[in-house]
Amino acid sequence: MRNFITFFVSSVAIVVAASTAVAGEKVLEFKLVTKPIDVKVIEAANVEGQTVVSGKFFGVAVFNDGRIGVKEFVHSGDMLKGSGAYYGYSTYTFEDGAITARYTGAIKDGKSNGEYTILSGTGAYANATGTGTIESAPNPFKGVNLLNIKLVVRTPGS
């Protein structure tokens, strides 16, 4: 009986150690270039400069070390003369898995700032949670957005 208890306790310790080794927190930082794919802009009646924007977008994430990822997302915004609140849902796909998140933010004076809440993940990001930030980056290009993204991804057990 003593050998069985020793074996059982050792087995439980190994299982706990193995599951903890897979769990953790990972910080992903990258530039994101986004482009509208199917967007509708509706002007509000009798409110000069007021628009509601909604649509599908696509983006490419570029890490400093050359790795890339893609982002597909739906976006909605309520803008008055180019400033206002926005929100949406994103799925980032990287070589080692995918992350789905909801974001909220605002544009003021031509600059975008926002926050992510990570909802789920697959692959290396299976069952992920976490947060993140969105920030405008200097953009020399027309017709696309350039953003700095930081995601703090937590996987189970961390």
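Residues numbered from 1 in each chain as written. Predicted model: local features only at pLDDT ≥ 70, side-chain atom pairs only at ≥ 80, totals over all residues. Heavy atoms only, no water.

**As for the overall build of the protein chain**
Rule in force here: Numbering of helices and strands runs from the N terminus, with a helix taken as a DSSP run of H or I at least four residues long and a strand as a DSSP run of E at least two residues long. Note on classification: 1.4 Å probe, protein chains only; a residue is buried when its accessible area is under 20% of the maximum for its type, exposed when over 50%, partly exposed between these limits. Contact between two residues is taken to exist if any of their heavy atoms lie within 4.5 Å; hydrogens are not considered. Residue-level accessible areas treat just the shown protein chains as cover; the underlying method is Shrake-Rupley with a 1.4 Å probe.
The helix and strand inventory of the protein chain stands at 1 helix and 8 strands. Element order for the protein chain, N to C, with α for helix and β for strand: α-β-β-β-β-β-β-β-β. In the protein chain, buried positions account for 32% of the 158 residues. A separation threshold of at least 6 residues defines the contact pool for the protein chain, and within that pool the share at least 24 residues apart is 45%. For the protein chain, the computed accessible surface area is about 10,000 Å², with 59% contributed by carbon and sulfur atoms.

**Brief notes about the environment of Gly69**
If you trace the backbone, Gly69 turns up in strand S3 (residues 68-80). Overall, the relative accessible area of 4% leaves Gly69 in the buried class. In the structure, Gly69 is positioned 27 residues away from Asp96 in sequence and 9.8 Å away in space, judged by C-alpha atoms. Aside from chain neighbours lying at most four places away, what touches Gly69 is Gly59, Val60, Ala61, Thr93 and Phe94.

**Observations concerning a nonpolar patch on the surface**
Note the threshold: By definition, no residue in a patch forms a salt bridge, and every one has over 30% relative accessible area; like charges are joined within 9 Å, nonpolar side chains (Val, Leu, Ile, Met, Phe, Trp, Tyr) within 5 Å. Salt-bridge detection follows one rule: a side-chain nitrogen of Lys or Arg within 4 Å of a carboxyl oxygen of Asp or Glu.
A contiguous nonpolar patch, built from Ile37, Phe58, Val60, Val62, Ile68 and Val70 and spanning about 470 Å² of accessible area, is present on the exposed surface. Those elements that place two or more of their residues in the nonpolar patch are strand S2 (50-62) and S3. Take the nonpolar patch: its biggest share by element is 3 residues, from S2. Following the sequence through the fold, Val70 ends up in strand S3. The partly exposed category is assigned to Val70, whose relative accessible area is 32%.

**Quick word on the packing of aromatic side chains**
Going by this rule: A pair of aromatic rings is counted whenever rings of Phe, Tyr or Trp (Trp by its six-membered ring) have centres within 6.5 Å, and the orientation is called stacked for planes under 30 degrees apart, edge-to-face for over 60 and tilted otherwise.
Counting across every chain of the model gives 11 aromatic pairs. Ring centres of Phe30 and Phe63 lie 5.1 Å apart, and the angle between their planes is 55°; this geometry places the pair in the tilted category. Of this pair, Phe30 sits in strand S1 (residues 24-43) while Phe63 is found in the loop between S2 and S3, placing the two residues 33 residues apart along the sequence. When its relative accessible area of 5% is taken as the criterion, Phe30 is described as buried. For Phe63, a relative accessible area of 6% translates into the label buried. Ring plane angle 65° and centroid distance 5.9 Å describe the contact between Tyr103 and Tyr116, whose orientation is recorded as edge-to-face. You can see Tyr103 sitting in strand S5 (residues 97-108) and its partner Tyr116 sitting in strand S6 (residues 111-123), a full 13 residues away along the chain. An identical accessibility class is assigned to Tyr103 and Tyr116; each is buried.

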